Amino acid sequence: MWNLVAVATMGMVGYAAAQAKTNYTSTVDPTKLTIPNIPQTTSYDVATQCQYYQSPVAYNPSDWPTSWQIATSNGMNTSAEFTALYNSIQWNNAPSIQPKVLGPNGALVLTGYDTVNDPDCWWSATQCTKPKKSGINADIVQCQEPNVWGLTFDDGPNCSHNAFYDFLKQNNQRASMFYIGSNVMGWPYGAMRGLKDGHHLAGHTWSHKLMTTLTNQEVLAELYYTSKAIKFVTGVTPKYWRPAQGDLDDRVRWIASQLGLTAILWNLDTDDWAANSVPGITPQTVQTNYQNFITMGTNGSFSAIGNIVLSHEINNMTMDFAITNYPQIKKAYKHILDVATCMNITHPYLEESITYPTYDQAINGATTATGSGVTPAATGTSAGTHTSTVSAGALFIATLFGVLATLF
C-alpha cells in the first residue's frame, strides 16, 4: 500500500504537497516484462489483433469499475478501498468550484461563465494552464527544449496497434502514451508492450468522460482506478495524466494533485481523431494540420522552445497519419521526444526501477529507457506488492474507438 506523499522532481516540474491513502498493487516486475508470441501480439490483421485473450494478470472483476462506465460504477464508490482513499483527502482544502454542465447536445455549457477573469482556470473555456488556486500542480503544455516535437498519443492501448508500435520501435522512437484504464485492463499485453518498448506511460482516465462535469468522488475514481490499472498490469504507477479533450479546471487539478498527478496538455492539436467523424474535418484537414506543424519546425516557430503535439492511437487511420508524416517531422525538427525526456523527468513513475534519459542524454544517443525490459537493462526490483486475486476473463473495448465491446 502506498501512502502517497508528493515530492519535488527533476527539471522544471514540481508536485504540490499531497497525501492520499492509495492501494496500488501488482505482481508484475516492470523490468522483466514478457510478451508472448500469440496472434494478438504479432499479427497486423485488425480482427486477429482484437480477438479476446486471457489476461496474464489474474483479477476479480468485482474489484474494478465497469469498463467504459464512470469509475464509481460496480460499487467502487462504496468499497472499503475507495472509501479509505476518499476519506484520507482533506476536502475542506479543495477549491469551491461546482461541476460544469453538459448541454442537450453533449457539449459543455460555457454560457454564463466569466471567461474574462476565468476564476476556475477552466481550460475548455480559456485554455488556462496556470492554476489560480494554491496547492495545485501546474499543467505541462510544451517541451522546454528548443526544436523539439513532443510526441504524444492518447486513447491506447489500441488492440490493433502492432504495426504502429513496430514502426516506432524500428525507428528507435519513444512517445508519451496516455492510456485509458478500461483499455489497459482489456488489452494488457498492449500496455505491457508500451512500457517494454520504452514509451512513457501516463493516465487518460478510466472512461474518457469530461472531467469538469463529474463530482469530486467521480473525478477521484477516474484518476485512481486508471493509475491502479496501469500499475496492476505493467508494474509502474504514473505521475502524469491527460484529461479527455483537455477538460480540466482547478477543482480537477486539485484532486489530481492529491494523487501526485500532474496534467500534460498540448499546444498543437492534429484533430486526427475527428477525421470523418466531425462535420467539416476530413483526412485532408488533418494532413493540412500536420503539414502546418511541420512547417513550424523549419520557420523558427520553435527555435527557442519546443511543442507538445496531440495525436491518437484511437484507430488505424490516426496511427497511419503519424507514420506517414514521421519522416517529414524528423527532417523539420532536431528532435522528436516523449514528454518525460523533453522535460527532464527521469522518473515519471512512483517506482524508480525504470529511468528515462534526460534531454541531454537523449540527444547524445540514449534511445531507451533503462529498466523497461529493453537493452540496456536496468538494475533494481519491482516496487509492487502482492495481492490475492481470482482469475476472470474480460473483453472490453469501447465501440467509441471502433472495436467491439463486451462489458464485464
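Conventions used here
- Residues numbered from 1 in each chain as written.
- Predicted model: local features only at pLDDT ≥ 70, side-chain atom pairs only at ≥ 80, totals over all residues.
- Heavy atoms only, no water.
- Helix = DSSP H or I, 4+ residues; strand = E, 2+ residues; numbered from the N terminus.
- Buried < 20%, exposed > 50% of the residue type's maximum accessible area, 1.4 Å probe, protein only.
- Contact = heavy atoms within 4.5 Å.
- Areas by Shrake-Rupley, 256 points an atom, 1.4 Å probe, with all protein chains shown as cover.
- Disulfide = S-S within 2.5 Å.
- Polar contact = N/O pair within 3.5 Å; in protein donor to acceptor, adjacent residues only side chain to side chain.
- Expected span 1.5 Å × (residues − 1).
- Axes fitted to C-alpha atoms, helices over the stretch in contact; angles between N-to-C directions.
- Parallel < 35°, antiparallel > 145°, perpendicular 65-115°, else oblique.
- Nonpolar A, V, L, I, M, F, W, Y, C, P; charged D, E, K, R; others polar.

Helix and strand counts for the protein chain come out as 13 helices and ten strands. Counting only residues that meet the buried cut, the protein chain has 58% of its 408 residues in that class. Intrachain contacts of the protein chain at a sequence separation of at least 6 include 75% that bridge at least 24 residues. Accessible surface, the protein chain as shown: approximately 15800 Å² in total, 52% of it carbon and sulfur.

All right, on to the state of the cysteines then. By definition, a disulfide is the covalent link that joins the sulfur atoms of two cysteine residues. In the structure shown here, the tally under the stated rule is three disulfides. Between the sulfur atoms of C50 and its disulfide mate C159 the distance is 2.0 Å. Here the S-S torsion is close to 80°, and the disulfide linking C50 with C159 is therefore right-handed. You can see C50 sitting in the loop between helix 2 (46-49) and helix 3 (80-87) and its partner C159 sitting in the loop between strand 3 (148-156) and helix 5 (162-170), a full 109 residues away along the chain. Exposure class is identical for C50 and C159. Each is buried. The partner cysteine of C143 in its disulfide is C342, sulfur to sulfur 2.1 Å.

You can see S311 is positioned in strand 9 (residues 307-312). With 159 residues separating them in the primary sequence, S311 and T152 have C-alpha atoms 6.1 Å apart. Beyond its immediate sequence surroundings of up to four residues, S311 is in contact with T152, F153, D154, T270, D272 and Y290. Within polar-contact distance, the side chain of S311 engages the backbone oxygen of T152 at 2.5 Å.

Before going further, it helps to spend a moment on helix 8 (residues 216-234). Since the α-helix turns once every 3.6 residues, residues separated by three or four places project in the same direction. With 19 residues, helix 8 should cover 27 Å at 1.5 Å per step; its first-to-last C-alpha distance of 27 Å lies within 8% of that length. Burial runs high along helix 8: 17 of the 19 residues are buried. In the stretch just after helix 8, G235 is the one whose phi turns positive, near 90°.

This next bit is on the side chain of R253. Here R253 lies in helix 9 (residues 250-258). Once residues within four sequence positions are removed from consideration, R253 is found in contact with D120, C121, W123, C128, T129, P131, I136, N137, D139 and L248.

Moving on, we come to the environment of S353. Among the structural elements, S353 can be located in the loop between helix 12 (339-342) and helix 13 (359-363). Note on S353: relative accessible area 7%, which makes it buried. For the pair formed by S353 and V236, sequence separation is 117 residues and the distance between their alpha carbons is 8.8 Å.

Attention now goes to the packing of helix 5 against helix 7 (residues 188-196). Angle between the axes and distance between the axes: these two values describe a pair of packed helices. Look at helix 5 against helix 7: their axes get within 11 Å of each other, and the N-to-C directions meet at 10°. Classified by the angle between their axes, helix 5 and helix 7 sit roughly parallel to one another. Residue-level inspection shows N162, Y165, D166 and K169 of helix 5 in contact with helix 7, the latter providing G190, R193 and G194. Split into classes, the residues belonging to the contact of helix 5 with helix 7 amount to one nonpolar, three polar and three charged.

On to helix 7, then. By the criterion of burial, helix 7 is predominantly enclosed, with eight of the nine residues buried. For helix 7, the complete set of buried residues consists of P188, Y189, G190, A191, M192, R193, G194 and L195. Summarising the contacts, the buried residues of helix 7 are in contact with helix 1 (39-42), helix 5, strand 4 (176-179), helix 6 (181-186), strand 5 (200-203) and helix 8. In the stretch just after helix 7, G198 is the one whose phi turns positive, near 90°.

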